[in-house]
Amino acid sequence: MSLQLGQIVDALGGRLENGDRHLQIDAIASLEDAGPQDISFLSNPKLHLQMQASRAGCVAIGPRVEAEARKRAGAYLVVDDPYLFFARLTQLWRRHHQLRPTPAGVHPSAVVEEGARVHPTASIGPLCHVASGAVIGEDSVLTSRVTVGAGCVLGRRVLVQPGAVIGGDGFGFANDKGRWVKIEQLGGVRIGDDVEIGANTCIDRGALQDTVIASGVKIDNQVQVGHNVEIGENSAMAGCVGIAGSAKIGRQCTIGGAGMILGHLEIADNVHISAATVVSRSIKQPGHYTGFFPIDDNGRWEKNAATLKHLHALRDRIKALEQTQKNG
Amino acid sequence: MSLQLGQIVDALGGRLENGDRHLQIDAIASLEDAGPQDISFLSNPKLHLQMQASRAGCVAIGPRVEAEARKRAGAYLVVDDPYLFFARLTQLWRRHHQLRPTPAGVHPSAVVEEGARVHPTASIGPLCHVASGAVIGEDSVLTSRVTVGAGCVLGRRVLVQPGAVIGGDGFGFANDKGRWVKIEQLGGVRIGDDVEIGANTCIDRGALQDTVIASGVKIDNQVQVGHNVEIGENSAMAGCVGIAGSAKIGRQCTIGGAGMILGHLEIADNVHISAATVVSRSIKQPGHYTGFFPIDDNGRWEKNAATLKHLHALRDRIKALEQTQKNG
Amino acid sequence: MSLQLGQIVDALGGRLENGDRHLQIDAIASLEDAGPQDISFLSNPKLHLQMQASRAGCVAIGPRVEAEARKRAGAYLVVDDPYLFFARLTQLWRRHHQLRPTPAGVHPSAVVEEGARVHPTASIGPLCHVASGAVIGEDSVLTSRVTVGAGCVLGRRVLVQPGAVIGGDGFGFANDKGRWVKIEQLGGVRIGDDVEIGANTCIDRGALQDTVIASGVKIDNQVQVGHNVEIGENSAMAGCVGIAGSAKIGRQCTIGGAGMILGHLEIADNVHISAATVVSRSIKQPGHYTGFFPIDDNGRWEKNAATLKHLHALRDRIKALEQTQKNG
């Protein structure tokens with residue numbers, strides 16, 4: 001696999017300096033790993049020394065570090081946003097070399113039920129199941145072993161990783177003298193355009209109305225999205241996140257790995273939740289929120305955790321000390 | 001899709017007031033969303049103002065709020081338990097309209113091995129795998145892409161959501177000078193009647209004896225149930241819960257999303273564990289137990305988390321202050 | 001199913017005392033459950049009273065408790081490491097009785113794409129998908145509904161439980177004015193020999209280079225391994241663990257259930273992480289590390305959690321008290 005440097009510049013733009021358009025690029029690589037036939041990029045200008053030390057045949061840089069780039073032996077390519085350039089370069093690379101093609105149409109091992117609508121440009125991979133009434137939009141891809149339940153709708157350019165389940169039943173029961181009586185889940189799942197859904201992720205159908213994933217949302221692996229959840233445009237959530245039923249997540253939010261959003265909460269736009277944080281109340285202000293127990297040596301943790309169970313009492317003792325001192 | 005109000009009352013009971021039995025009901029909806037052709041319900045009597053403001057054609061209420069219901073324009077239906085009524089109504093709705101039918105028999109794409117026993121009324125959906133010696137009971141449903149391993153037994157009316165794995169190997173190894181030697185898992189999984197198992201949930205087979213899920217248990221998506229676990233009747237657990245090997249959960253327990261039960265623990269009946277709580281010791285008393293770090297603004301969390309690592313030392317300083325004050 | 005005691009000793013070694021080689025052993029059982037036709041083992045010498053009380057036909061013990069074993073009625077078998085003996089016995093049991101055989105070859109319902117390489121001794125179970133360019137090594141087993149993506153390589157004797165996904169895309173995006181632009185994942189997954197991968201576990205392909213799981217690693221169910229992660233030899237991780245992208249885990253490490261390793265961190269060899277612990281910094285020293293909020297009665301938790309949000313301020317109040325006391 002290779003591309004000439006000139007082909008890359010022609011496809012993605014940028015101003016090439018000190019470079020040979022005919023240089024054969026064999027791989028995209030990190031600054032550390034890159035050799036003379038590789039192209040790399042500097043996304044964090046603070047790491048410009050690493051860039052200068054890199055053996056990369058060409059480095060994509062932002063305009064602010066051009067003076068530093070000039071000092072290195074090889075070529076450099078000035079682009080507006082080197083990380084975005086890198087993303088587009090990976091896309092060019094995959095497309096050009098036809099890596100892991102996703103052919104339009106339904107793989108013979110897939111089960112597409114009567115009454116499902118699959119756009120002719122969509123790709124339904126091996127051992128997928130698309131139930132009756134489901135809709136798979138233009139250029140969408142179910143990679144492998146994906147289930148899309150009855151009445152669930154995927155927009156355009158939706159990419160679903162293997163094992164994902166869209167449209168399992170939401171978890172709803174009424175209690176009848178100790179026994180659980182199922183609330184049939186009569187809603188569906190509606191997914192916008194340009195959404196990615198990770199491997200073995202589940203998105204439940206709504207109880208009465210639909211669970212809604214807006215356009216541009218990116219969901220990593222092993223994520224659980226409960227019934228009636230709404231996720232706003234361009235929000236992203238990392239692996240192992242859980243979003244309980246009826247939670248509403250705003251636009252442009254991010255949730256770190258294993259973050260948990262409890263049910264019926266509302267999260268405003270532009271809220272960023274750290275990994276492993278439990279969101280137990282609605283968040284109305286944009287910002288960065290965190291809550292997990294800091295890791296420690298096990299022995300120290302045991303002591304501190306034991307003391308934590310008396311924290312409220314400690315506060316009272318501090319109050320009493322203050323009172324006595326004040327009075328004394 | 002529609003049902004006449006009278007059909008609903010005839011099927012599910014209740015006393016209809018101010019209502020026309022011929023009113024055509026087009027949907028079940030929340031009080032907020034319901035229009036004149038919809039039926040709704042009031043499960044929390046405190047929200048009776050919302051009920052009075054609802055445009056619903058009919059509202060199911062408990063007897064205690066009948067005075068308030070009389071004030072609204074539309075019909076109301078007095079039932080013992082409106083939420084339970086709602087659950088049964090969703091079942092009626094689905095059945096009447098034949099939504100997502102689960103036909104008895106084995107889908108042609110499913111793999112049912114020789115030596116498996118599938119009751120003729122059970123439904124084995126697309127791309128499921130039922131291994132040799134597995135038993136699927138009366139009226140049970142494997143929806144789509146479910147695996148039931150060798151020798152695993154499902155009772156009657158068990159509903160398994162897509163992607164679930166029943167009877168993967170439990171996680172057991174002996175250590176031989178740094179290398180792990182597999183303990184073959186010779187037990188199975190036994191599941192009672194009326195159990196629901198969520199999408200992509202895993203229930204491991206036992207090491208020597210069976211992992212046991214009693215009748216009436218409801219398990220949400222992405223749950224991990226380790227080998228030799230026993231879960232008592234009618235317990236319910238939300239998404240992303242993990243139950244480590246050999247834990248015993250009592251009856252009528254609930255575990256919130258992402259709750260984690262460590263191995264070999266025993267949880268009494270009627271214990272309720274909050275979301276994201278780690279159960280690290282056996283619980284012998286019924287009650288409500290919690291343990292997760294409270295979410296905060298990231299900056300404040302950083303300060304408090306850093307201080308938490310010195311909490312035990314702070315306690316000692318409080319003690320010293322108290323001692324000095326007492327002596328002074 | 002049964003084996004004669006002599007057959008067991010001949011296959012696995014050990015010194016049989018008070019025993020009849022012709023005793024028919026019907027099952028392997030715990031000390032508590034075992035009857036006169038069962039074999040059991042004592043892995044923890046402290047529990048020797050339980051061993052003496054056991055009705056087991058034969059008990060495998062370590063040499064240190066032979067005096068105690070002599071006091072019981074039945075046979076005993078002296079072995080170096082009874083737990084390791086137990087592991088090997090389960091293997092003998094399964095092999096001898098041909099339990100859940102994994103026949104070499106590809107199940108007719110599996111999809112093995114052109115260009116995939118499956119060793120003739122490997123077993124590709126029902127409804128598995130092996131993509132083009134993937135390699136499945138000698139004696140490896142994909143049990144049921146496993147996906148191995150393009151270019152992913154599994155070594156010898158790798159055992160993959162149902163529903164696992166090897167080679168889904170890593171989660172990588174660049175942001176372009178609020179919209180996420182996909183970074184195509186051009187790397188693969190490389191898995192060594194003797195690795196076990198749990199049910200519904202996901203191992204993502206690398207962005208540029210491979211995600212690497214070294215030989216002897218054991219991964220439980222529902223685990224998420226991000227792109228470019230490296231896991232060293234013989235490390236083991238329990239269910240629901242998450243390892244974010246580019247983390248490097250050393251050799252002989254263990255991670256308890258639902259432990260979370262944040263991205264780009266490095267964990268040294270011989271590090272042991274407790275269940276539900278968030279690793280938020282690199283760990284350079286071997287040892288045992290923990291960090292989760294201790295469970296408590298919900299009411300007490302609420303008080304302590306509320307106070308925790310003011311912990312840093314409490315520390316300042318203690319300081320002030322100390323200062324005043326010192327000055328007074």
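Quick notes on the rules
All residue numbers here refer to positions counted from 1 along the written sequence of the relevant chain. The lettering of chains begins at A and the numbering of ligands begins at 1, in the order of writing. pLDDT decides what is reported in this predicted model: residues at 70 or higher carry local features, side-chain atom pairs at 80 or more are listed and counted, and totals for whole chains, interfaces and linings draw on all residues regardless. The basis for every side-chain value is the complete set of non-hydrogen atoms in the structure, without hydrogens or water. UniProt positions are given in the numbering used here, feature names are shortened, and annotations may be inferred rather than shown by experiment. Superposing the copies works by least squares over the C-alpha atoms of residues that have pLDDT at least 70 in both of them. At least two DSSP bridges between two strands are needed for those strands to be called paired. Working definition: helices are DSSP H or I runs of at least four residues, strands are E runs of at least two. Numbering for both runs from the N terminus. A contact between two residues is defined here by any heavy atoms of the two lying within 4.5 Å. The term buried area means the drop in 1.4 Å probe accessible area that two parts suffer when joined, counted for both and summed. Whenever a carboxyl oxygen of Asp or Glu lies within 4 Å of a side-chain nitrogen of Lys or Arg, that contact is scored as a salt bridge. Contacts described as polar in this section are N or O atom pairs within 3.5 Å, which, within protein, must combine one atom able to donate a hydrogen with one able to accept it, while residues neighboring in sequence count only if both atoms come from side chains. Definitions used for this entry: grid spacing 1 Å over protein atoms alone; cavity, a set of points where a 1.4 Å probe fits but cannot get out; pocket, an open set with protein on both sides within 12 Å along at least 5 of 7 lines; lining residue, one with an atom within 4 Å of a point. Grid points are joined across faces, edges and corners, and a volume is the space filled by probe spheres set on the points. Under the scheme applied, nonpolar residues are Ala, Val, Leu, Ile, Met, Phe, Trp, Tyr, Cys and Pro; charged residues are Asp, Glu, Lys and Arg; polar residues are all the others, including Gly.

For chain A, the name recorded in an unreviewed UniProt entry is UDP-3-O-acylglucosamine N-acyltransferase, with Comamonas odontotermitis as its organism. Quoted verbatim from the Catalytic activity (unreviewed entry) heading of the UniProt record, the comment on chain A is "a UDP-3-O-[(3R)-3-hydroxyacyl]-alpha-D-glucosamine + a (3R)-hydroxyacyl-[ACP] = a UDP-2-N,3-O-bis[(3R)-3-hydroxyacyl]-alpha-D-glucosamine + holo-[ACP] + H(+)".

Another aspect to go through is the relation of the copies chain B and chain A. Taken as rigid bodies, chain B and chain A are interconverted by a rotation of 120 degrees and an axial shift of 0.0 Å, the fit giving an RMSD of 0.0 Å. This pairing of chains is accounted for by a three-fold axis. Closest to the rotation axis within chain B is the C-alpha of B:Phe293, separated from it by 3.4 Å.

Below, the discussion takes up the sheet that holds strand S2 (residues 15–17) of chain C. Hydrogen bonds between backbone atoms are what pair the strands of a sheet, whose relative direction is either parallel or antiparallel. Strand order in this open sheet of five strands is S2-S7-S6-S5-S4 (chain C), and the pairing throughout is mixed. Edge positions in the open sheet fall to S2 and strand S4 (27–28) of chain C, since each of these has one partner strand only.

Residue-level contacts link 67 residues of chain B with 71 residues of chain A. Taking both partners together, chain B and chain A bury about 5700 Å²; carbon and sulfur atoms supply 63% of that area. It is B:Arg100, B:Arg145 and B:Ile295 in chain B that bury the most area against chain A; as a group they hold 13% of the surface buried on that side. Viewed at the interface, chain A and chain B are joined by six salt bridges. In this structure, the salt-bridge partner of B:Arg88 is A:Asp176, at a minimum N-O distance of 3.0 Å. Where chain B packs against chain A, one counts 33 residue pairs in polar contact (both at pLDDT 80 or more).

If you walk through the whole model with that rule in mind, you get four cavities of 30 Å³ or more. Computed from the structure, the largest cavity encloses a volume of approximately 480 Å³. Here the residues of the lining of the largest cavity sort into 21 nonpolar, six polar and no charged.

On the side of chain A, 67 residues touch chain C, which itself brings 71 residues to the contact. Carbon and sulfur atoms make up 62% of the surface buried where chain C meets chain A, a total of about 5700 Å² over both sides. Contact with chain A buries surface across chain C, with C:Phe171, C:Trp180 and C:Leu321 losing the most and accounting together for 12% of the total. The tally of links between chain C and chain A comes to six salt bridges. Counting every contact that joins chain C to chain A gives 32 residue pairs in polar contact (both at pLDDT 80 or more). Only strand S18 (165–168), strand S19 (173–176), strand S20 (179–182), strand S23 (202–204), strand S35 (278–279), strand S36 (287–290), helix H5 (298–308) and helix H6 (311–327) of chain C provide two or more residues apiece to the side of chain C that touches chain A. No other element matches the seven residues that H6(C) contributes to the side of chain C that touches chain A. In this structure, strand S37 (residues 296–297) of chain A lies alongside S36(C), joined through two bridges in antiparallel fashion. In the sheet register, A:Asp296 faces S36(C), and the bridge partner there is C:Thr290.

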